[in-house]
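What follows is the residue order along each chain.
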Amino acid sequence: MTTTAPHTTARPRLGNAPVSYGVYGEGAGGAGASGDALLASMAEAGYEGSELGPPGFFGDPEETAALFARHGLTAVGAYIPVHYALGDDVVAHDLRRMEQTCRELAACAERSGEQPLAILADEGSQALLENPARAWDDRSLALDESGWERLAQLSARAVDLARSYGLRTSFHPHISTYVESPWEVDRLLELTEVGLTLDIAHIQLAGGDPVECLERWRERINHVHVKDVEMDVLRRAKAERRTDFDIWWADVCVPFGKGDVDIDAFLAALLGGGYRDWLLVEQDRAPTPAELYPKVAAEQAANRAWLAAKVAAHS
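What counts and how
Per-chain numbering applies: the sequence of each chain, read as written, is numbered from 1 onward. The predicted origin of the model limits local features to residues at a pLDDT of at least 70 and limits the giving and counting of side-chain atom pairs to 80 or more, whereas totals for whole chains, interfaces and linings rest on all residues. Calculation of side-chain values draws on the structure's entire complement of heavy atoms; hydrogens and water are dropped beforehand. Helix numbers and strand numbers start at the N terminus; a helix is a DSSP run of H or I with at least 4 residues, a strand a run of E with at least 2. As defined in this context, the radius of gyration uses C-alpha atoms, and a globule is described by 2.2 Å times the residue total to the power 0.38. Buried, partly exposed and exposed residues are distinguished by accessible area as a fraction of the type maximum, computed with a 1.4 Å probe on protein chains only: under 20%, between the cut-offs, and over 50%, respectively. Here, residues are in contact when the closest pair of their heavy atoms is within 4.5 Å. In these tables, accessible area is a Shrake-Rupley quantity obtained with a 1.4 Å probe, and a residue counts as shielded only by the protein chains included in the view. Charge assignment: positive for Lys and Arg, negative for Asp and Glu; neither His nor the chain ends contribute. For this purpose, a charge sits on NZ of Lys, CZ of Arg, CG of Asp or CD of Glu. In short, DSSP must find at least two bridges between two strands for them to pair. Only C-alpha atoms enter the line fits that serve as axes; for helices the fit covers just the stretch in contact. Angles between N-to-C directions range over 0 to 180 degrees. Buried residues of nine kinds, namely Ala, Val, Leu, Ile, Met, Phe, Trp, Tyr and Cys, make up a nonpolar core once their side-chain atoms join them within 4.5 Å. Basic side-chain nitrogens of Lys or Arg form a salt bridge, by our definition, when they fall within 4 Å of a carboxyl oxygen of Asp or Glu. pLDDT gives the predictor's per-residue confidence on a scale running from 0 to 100.

1. Looking at the overall build of the protein chain
Link 1 in the chain: When helices and strands are counted, the protein chain shows 12 helices and 10 strands.
Link 2 in the chain: Taken against the 2.2 N^0.38 rule, which gives 20 Å for 315 residues, the C-alpha radius of gyration of the protein chain at 18 Å falls within 12% of a compact globule.
Link 3 in the chain: Taking the principal axes of its C-alpha atoms as reference, the protein chain extends roughly 50 × 40 × 40 Å.
Link 4 in the chain: Here the protein chain, with 315 residues, has 55% of them falling under the buried criterion.
Link 5 in the chain: When contacts within the protein chain are restricted to residue pairs at least 6 apart in sequence, those whose partners lie at least 24 apart make up 84%.
Link 6 in the chain: Accessible area for the protein chain stands at about 12700 Å²; split by element, carbon and sulfur atoms hold 49% of it.
Link 7 in the chain: Charge-centre separation for the protein chain: the mean point of 29 positive side chains lies 3 Å from the mean point of 49 negative side chains.

Put into structure tokens, the structure is as follows:
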């Protein structure tokens, strides 16, 4: 397999992700969910690429590569969750799914000549889902030293697996996981050699400042997720001690410019520092029936236009 270094342009390319259509986890989205229809919808909205969905969502590796090529989209990478703090049998299941995803990404890379990202993420636990955005000085649910050592060892295994397929790697800090708060990201970066996916909404939800975190971790950042969120949704969920994470989370993300993330300031700092790789738009939502994809596409087209204008202003 032959791949090249990440494609670079005068401006970042804009992609989207299946989570914007409610496709995530081990599920396959809403009623009638179709990888073909989803990619057609993204292409119609004007995006140049997408991350993959759950393993097999777009078909086997060859079918996945053919589908992306048919719609003129680049497979940018894939979100790969691992239960770092759970038992070996669960981790083995996660790594088997990761290998399936790696095969899909490698097949796409064979066609495109680019080098996608295997984007690792901790999958957390039920206790963390019920306690999102923990206070930074409250370490009661955090990993202990042995937990961090295990995370580092498993991350090294995952990085080796991804590299065996010619893939680059990154790690995505995420709300309600063991790598949520900025101090946990610092610890991750100390213990591993993996690159970093900076999701500006997740960092803000965890109490961090996206621009400050960008400057702190700039040398390790190799991927960026752009989303806007309403902080009050999180505040209410915490105040009401909600335990139905997937339900309330579907209301967190909003169209660009409607939430509380200062995306404009972040882009000024990011692009001013020379970043020209992909910007992945995400607007997480509940599983969405395929019949509503045109409505989603219209909203994502508006997000793309809003973001493209901001990128042009800061490039």
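2. Regarding the pairing of strand 7 (residues 221–226)
Link 1 in the chain: For strand 7, a buried count of 6 out of 6 residues is recorded, marking the element as mostly surrounded by other parts of the structure.
Link 2 in the chain: Two strands pair when backbone bridges link them, and strand 6 (residues 195–199) and strand 7 are joined in this way by 4 bridges, in the parallel orientation. For L196, the partnering residue across the bridge sits in strand 7 and is I221.

3. Examining the sheet that holds strand 4 (residues 117–122)
Link 1 in the chain: Read once around its circumference, the closed barrel built from 8 strands follows the order 1-2-3-4-5-6-7-10, with strand pairing classed as parallel. Each strand of the sheet is rotated relative to its neighbour by a mean of 30°, with strand direction disregarded.
Link 2 in the chain: Sheet topology places strand 7 next to strand 10 (residues 279–281); 3 bridges connect them, and they run parallel. Of the residues in strand 10, the one forming a bridge with V224 is L279.
Link 3 in the chain: Against the sheet, helix 11 (residues 263–272) touches strand 6, strand 7 and strand 10, its axis set at about 160° to strand 7.

4. Quick notes on the environment of H93
Link 1 in the chain: With respect to the element layout, H93 can be found in helix 3 (residues 88–112).
Link 2 in the chain: As for H93 and H223, which are separated by 130 residues in sequence, their C-alpha atoms are 26 Å apart.

5. A closer look at the nonpolar core
Link 1 in the chain: Counting 91 residues, the largest nonpolar core has L38, M98, L120, W217, L279 and L307 as its most contacted members.
Link 2 in the chain: Of all the elements, helix 3 adds the most residues to this core, at 8 residues.
Link 3 in the chain: Every residue in contact with L279, bar those within four places of it in the chain, is listed here: P12, R13, L14, G15, V224, V226, L267, L270, L307 and V311.
Link 4 in the chain: Counting 5 residues, the second-largest nonpolar core is a separate cluster that includes V19, V76, W278 and L280.

6. Some points on the pattern of salt bridges
It is possible for side chains of opposite charge to pair when their charged atoms get near one another.
Link 1 in the chain: One pass over the structure, following the stated rule, counts 20 salt bridges.
Link 2 in the chain: Note that E184 is salt-bridged to R134, the shortest N-O span being 3.3 Å. Taken as a pair, E184 in helix 6 (residues 182–191) and R134 in the loop between helix 4 (126–129) and helix 5 (145–164) lie far apart in primary sequence, 50 residues in all. The pair E184 / R134 is uniform in exposure class, with both members buried.
Link 3 in the chain: Among the ionic pairs, R285 bridges to E299, the shortest N-O distance being 2.7 Å. Taken together, the residues R285 in the loop between strand 10 and helix 12 (293–314) and E299 in helix 12 connect sequence positions 14 residues apart.
Link 4 in the chain: You can call R285 buried: its relative accessible area is 18%.
Link 5 in the chain: Through salt bridges with shared partners, a single ionic network connects D199, K227, E282 and D284.

7. Quick word on the confidence of the model for the protein chain
Link 1 in the chain: Confidence in the prediction of the protein chain, expressed as mean pLDDT, is 94, and 97% of residues score 70 or more.
Link 2 in the chain: Under a pLDDT of 50 for its full length, residues 1–5 has, in the predicted model, 15 contacts with residues more than four places off or in other chains.

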